Amino acid sequence: MAEAADIKGTGPSPARRWLRRTLTVAVGAPLLAGLLQAPVVTPSAVAAPSATTAEDATGSKTVDVSLDTLTPNTPVEGDTVTLTGTVTNRGKRTVTDASVELRVGPRMTSRSEIEQVTGRTGYRSDSDPAPAQDAPTAKIPKLGAGLSAEFSLSVPVSALGLDEAGVYQLGVSLSGQTSDRPYPRVLGIERTFLPYQPEATEKKTQISYLWPLISSAHVSAETATDDQQTPVFEDDALAAELRPGGRLDQMVTLGKDLPVTWVIDPDLLATVDAMANGYRVKEGSLHVPGANKELAERWLGALEKAVQGHKVVALPFADPDLASLAHHGKDVPGSLGHLQSATALAGMTVETILHVQPSTDFAWPVDGAVDPAIVSVATSAGADKVIARSDSVRDDLSYTPSAARPLGNGSTTAVVSDALLSTAFEGDMVRAEGSTLAVQEFLSQTLAITLEQPEKQRSVVVAPQRVPTVAQAQTMAAALRGLSGRRWSQPSDLVAAATAKPDPDASTSVPGSARYPKKLRDQELPVQAFRDMKTTRDELNDFKVVLTLPDRVVTPFGTAINREMSTSWRDRTRAATIYRGNVLDYLQELTKSIQLVDKSDLTLSGRSATIPVTVQNKLVQGVDHLVLRLTSNNKNRLKINGDRIAELPVKVGAGHNQSVKFDATAAVNGQVPVTAQLYTEDGTPYGKPMSFIVKVSEITPTVMLVIAGGVLLLALAGVRMYTQRKRLAAQTAEAETNGAADAEAPGAEAADAEAPGEAEKAGEPEGTGADGPGAEPGEGGAGGPEQPSDPTPDTGPESGDPSATGEKVDR
């Protein structure tokens, strides 16, 4: 309760304070006379017992004690332990006559005791040890409010009182006084642990430490149109992690000298390999060349050297979120198929890029949390080993058992990582204090495991956070170097840990779904995410069957869908939604590159003709295995290829248009709606349908114009004949009157004989036959047999505009 009071800053209630004062007066009155006659004692000489009371504990956090270094972190006999750090006055009064002291506690007997001490704050007189008598102190005469001072303590191991091997509590405290309380008391303390094992143990704990190389998705589904299909990145943020000093650079630089098992997401390798071979990056609507090719080459070269001689475990491609798939995605058709393809792609990717043979039979759920659904999904793609964690698969034992054990019905092996060791470096390791304390606790926990059952050798697995920061990686490396003496542990690998002999008393039951942490469940991908993936997958399946080079599309979109399932999307809901939307939008943009060119209404002059429909292909590869279906909405008026529905195959070259021609037969004049639709060979509609009107007319306007012209010519001829006859009659009468009828009679007869011939000629309009100007040449002419499709592309890619208004298909 005193500790709780320190944390919350609470004190006695007013009623208790009043009662305490009353009792003090009553008990102290008889002593007053003697005290008045005794020598006067200055406040500074007041006995110090109050420094160890619970009341004084309320001031034990006035000064912040930071322990920055502790070397060596695993001392042996003859060593000198050196501690350095900083003390900072967080109070409002100056601290005087202060000293930094070293406190060494008794040997700790269990891992739980170590964990309990880690959670304490503030000084506890009932549990914190007294200052070491033979240890030196660091004097700080004055420390003003808000100010800091550095300290350094060096003490021989022989002066620490370490009587036997084990884990000891080590405290660094500052004692001093302030103007409101002018007597020495503990104003601040920091606790850590000192593992002491001067001699090697007979049985050493085998420790398998996983070293994860995992990042988030950076590659989009888009590729350039060149032969190499240069990948297009969503951003160039990965370069910052690859640069010297960056996160991934540090993981490789540190890991190459450590006894670790490399756990790699193949997507990361594929991404960096794409950078090394040339890539492009989105900048708004543009794709600019990537500028970090050499950086990627350098990192891949360093990694290839680092993994030589080490075990490498390949996670499924893009590190799919097994828990999200189990809880929200497995009921969406096809979702499990992505996990299988991701697993199949993993080994090939790692082997191709790093030239090592990885293990691909491990599944690693987030934080090692499992339930029956997760185990079922994890093993559905071929993995028979699941990396769980001890806070999920719990052992009710007084010691730490080996990691491996059969799980459930025995067909699956659970490799249960140690929760305390696996989470030891998840905090803020940027400050030296946080890193030092984490390393000391980790080393102490490993020694405590060995001393639990020193007669048995056990195998322990450490599975840290998937994406450690630079500071966390550096701290993990420092901890592993602390075990390099191998006095109580020895390095192992994950494959060996999975095959170690199981402890018969270890738990083999799969925890129920109710025990799955709510915090992790809230971070999972929703059902809608897997529905979006199904939509993309279905459209991809419909699209690939019509392509002559389907791999150019299937490969980038298949890996993009795998990335949509990545564990890295946890706590990034909006970014995940945007990525899925971009993938689907780009796929639909490609599918629309194969379409029917809009057609205007047609006029069918006569009872039969040819109807052309143009298919456009804007892709950089040809399309095949498509069928164009033309449907007449009125079979009685218009038939297509002799029936209501006609189908013709379609094959279009890259970047071209193709005209597909159908024979049309009309029975009755009028308008007939016609629908054109592309289908795949299995009958699946492809793209949107196109509709247009066919107007059936026996006499076309051109023919009517010719007939009208003929009538006009006949009328003119009649007028001419009438005029000529009237003139001839007048001339005859005049001749008879003048007596010249005999001389002019032969000319009149000639005129009469000539007139019918001119009239006949004038009455026959030129060009009124079937081959005259009235028969407009077109694709539907009757000059020869019709072809279902042109043998070569009709036009280039730029001629995909709709047909002109009033298009005619004449007889």
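Given the structure is predicted, the values throughout are model-derived calculations rather than measurements. (Residues numbered from 1 in each chain as written. Predicted model: local features only at pLDDT ≥ 70, side-chain atom pairs only at ≥ 80, totals over all residues. Heavy atoms only, no water.)

**Some thoughts on the packing of aromatic side chains**
For step 1, the next point in the chain: Tallying each qualifying case throughout the model produces six aromatic pairs.
For step 2, the next point in the chain: Look at Y209 and F442: their rings are 6.2 Å apart centre to centre, the planes differ by 65°, and that puts the pair in the edge-to-face class. In this pair, Y209 is assigned in strand β8 (residues 205-213) and F442 in helix α13 (residues 432-452), connecting sequence segments 233 residues apart.
For step 3, the next point in the chain: Owing to a relative accessible area of 1%, Y209 belongs among the buried residues under this scheme. (Phe/Tyr/Trp six-rings, centres within 6.5 Å; stacked < 30°, edge-to-face > 60°. Helix = DSSP H or I, 4+ residues; strand = E, 2+ residues; numbered from the N terminus. Buried < 20%, exposed > 50% of the residue type's maximum accessible area, 1.4 Å probe, protein only.)

**Thoughts on α13**
For step 1, the next point in the chain: Helix length check: α13, at 21 residues, gives a terminal C-alpha distance of 30 Å against a target of 30 Å (1.5 Å per residue), a fit within 8%.
For step 2, the next point in the chain: Burial within α13 is extensive, with 16 of its 21 residues counted as buried. (Expected span 1.5 Å × (residues − 1).)

**A closer look at the side chain of E241**
For step 1, the next point in the chain: By the element assignment, E241 lies in helix α5 (residues 238-242).
For step 2, the next point in the chain: Note on E241: relative accessible area 17%, which makes it buried.
For step 3, the next point in the chain: Setting aside anything within four residues of it in sequence, one finds E241 in contact with S215, H218, G246, R247, L248 and D249. (Contact = heavy atoms within 4.5 Å.)

**Re the sheet that holds strand β1 (residues 63-71)**
Working definition: the strands of a sheet are paired by backbone hydrogen bonds and lie parallel or antiparallel to each other.
For step 1, the next point in the chain: Read from one edge to the other, the open sheet built from three strands follows the order β1-β2-β5, with strand pairing classed as antiparallel. Both edges of this open sheet fall to β1 and β5 (148-156), since each of them pairs with a single strand only. Each strand axis lies, on average, 20° off the axis of its neighbour in the sheet, ignoring direction.
For step 2, the next point in the chain: Two strands pair when backbone bridges link them, and β1 and strand β2 (residues 80-89) are joined in this way by eight bridges, in the antiparallel orientation. Paired with D64 across the strands is T88, a residue of β2. (Pairing = 2+ DSSP bridges. Axes fitted to C-alpha atoms, helices over the stretch in contact; angles between N-to-C directions.)

**Some details on a nonpolar patch on the surface**
For step 1, the next point in the chain: A contiguous nonpolar patch, built from L712, L713 and L716 and spanning about 280 Å² of accessible area, is present on the exposed surface.
For step 2, the next point in the chain: Structurally, the position occupied by L712 is in helix α20 (residues 701-738). (Patch = residues over 30% accessible without salt bridge, like charges linked within 9 Å, V, L, I, M, F, W, Y side chains within 5 Å. Areas by Shrake-Rupley, 256 points an atom, 1.4 Å probe, with all protein chains shown as cover. Salt bridge = Lys/Arg side-chain N within 4 Å of Asp/Glu carboxyl O.)

**Here's the deal with the nonpolar core**
For step 1, the next point in the chain: If you look at the biggest cluster of nonpolar residues, it comprises 79 residues, and the most contacted ones within it are F543, I594 and L628.
For step 2, the next point in the chain: For this core, the leading source of residues is helix α19 (residues 573-591), giving six residues.
For step 3, the next point in the chain: Apart from the residues lying within four places of it in its own chain, the contact partners of L628 are L596, V613, V615, A646, E647, L648, V650, V660, F662, A676, Q677 and L678.
For step 4, the next point in the chain: M108, V312, A438 and A471 belong to the second largest nonpolar core, which has 64 residues in total. (Core = buried A, V, L, I, M, F, W, Y, C linked by side-chain atoms within 4.5 Å.)

**Section: the confidence of the model for the protein chain**
For step 1, the next point in the chain: For the protein chain, the mean per-residue pLDDT works out to 84, and 81% of the residues sit at or above 70.
For step 2, the next point in the chain: Contacts from residues 1-58, a stretch scored under 50 in pLDDT, to residues over four places away or in other chains number 30 contacts. (pLDDT = per-residue confidence, 0-100.)

**Focus: the environment of L397**
For step 1, the next point in the chain: Here L397 is to be found in the loop between β16 (385-389) and β17 (404-407).
For step 2, the next point in the chain: Residue L397 is classed as partly exposed on the basis of its relative accessible area, which comes to 27%.
For step 3, the next point in the chain: In this structure, the C-alpha to C-alpha distance between L397 and A506, residues 109 residues apart in sequence, is 7.8 Å.
For step 4, the next point in the chain: Dropping the residues within four chain positions of it, L397 is found in contact with D505 and A506.

**Things to note about helix α14 (residues 470-482)**
For step 1, the next point in the chain: With 13 residues, α14 extends 19 Å from end C-alpha to end C-alpha; this agrees with the ideal 18 Å at 1.5 Å per step.
For step 2, the next point in the chain: When α14 is considered as a whole, its buried residues turn out to be A471, Q472, A473, T475, M476, A477, A479, L480 and G482.
For step 3, the next point in the chain: Each element contacted by the buried residues of α14 is listed here: β8, α6 (247-255) and α13.

**Topic: the environment of R191**
For step 1, the next point in the chain: With respect to the helices and strands, the residue R191 is situated in strand β7 (residues 181-196).
For step 2, the next point in the chain: Taking the relative accessible area as the measure of exposure, R191 reaches 9% and is therefore buried.
For step 3, the next point in the chain: Look past the residues within four positions of R191 in its chain and what remains in contact with it is V117, R120, T121, G122, Y123, R124, D128, Q169, L170, G171 and L437.
For step 4, the next point in the chain: Of note is the side chain of R191, whose polar atom sits 2.4 Å from the backbone oxygen of G122.
For step 5, the next point in the chain: At 2.7 Å, the side chain of R191 forms a polar contact with the side chain of D128. (Polar contact = N/O pair within 3.5 Å; in protein donor to acceptor, adjacent residues only side chain to side chain.)

**Notes on the sheet that holds strand β13 (residues 286-289)**
For step 1, the next point in the chain: In spatial order, the strands read β9-β10-β12-β13; together these four strands make up an open sheet with mixed pairing. Either end of the sheet is taken by a strand with one partner, and the two such strands are β9 (219-223) and β13. Each adjacent strand pair in this sheet contributes to an overall mean axis angle of 40°, direction not counted.

**With respect to the environment of E115**
For step 1, the next point in the chain: Structurally, E115 can be placed in helix α4 (residues 111-118).
For step 2, the next point in the chain: Residues E115 and Q445 lie 330 residues apart in sequence; the distance between their C-alpha atoms is 9.0 Å.
For step 3, the next point in the chain: Once residues lying within four places of it in the same chain are set aside, the contact partners of E115 are L420 and Q445.

**Thoughts on the packing of helix α7 (residues 266-276) against helix α8 (residues 293-306)**
For step 1, the next point in the chain: Viewed as axis vectors pointing N to C, α7 and α8 meet at an angle of 135°, and their least axial separation amounts to 7 Å. With respect to their mutual orientation, α7 and α8 come out oblique. Two packed elements cross with a definite hand, and for α7 against α8 that hand is left-handed. In contact with L268, L269, V272, D273, M275 and A276 of α7, α8 contributes K293, A296, E297, W299, L300 and L303. (Parallel < 35°, antiparallel > 145°, perpendicular 65-115°, else oblique. Left-handed = near helix turned anticlockwise from the far one by under 90°.)

**Describing unusual backbone geometry**
For step 1, the next point in the chain: The linkage connecting T71 with the following residue, P72, adopts the cis geometry, with an omega of -15°.
For step 2, the next point in the chain: Assignment of secondary structure puts P72 in the loop between β1 and β2.
For step 3, the next point in the chain: With phi around 50°, Q229 is a residue other than glycine that occupies positive phi space.
For step 4, the next point in the chain: Topologically, Q229 is positioned in the loop between β9 and β10 (231-233).
For step 5, the next point in the chain: Its relative accessible area of 18% is what places Q229 among the buried residues.
For step 6, the next point in the chain: Of note, the phi angle at H625 is positive, near 60°, even though the residue is not glycine.
For step 7, the next point in the chain: Topologically, H625 is positioned in strand β24 (residues 623-632).

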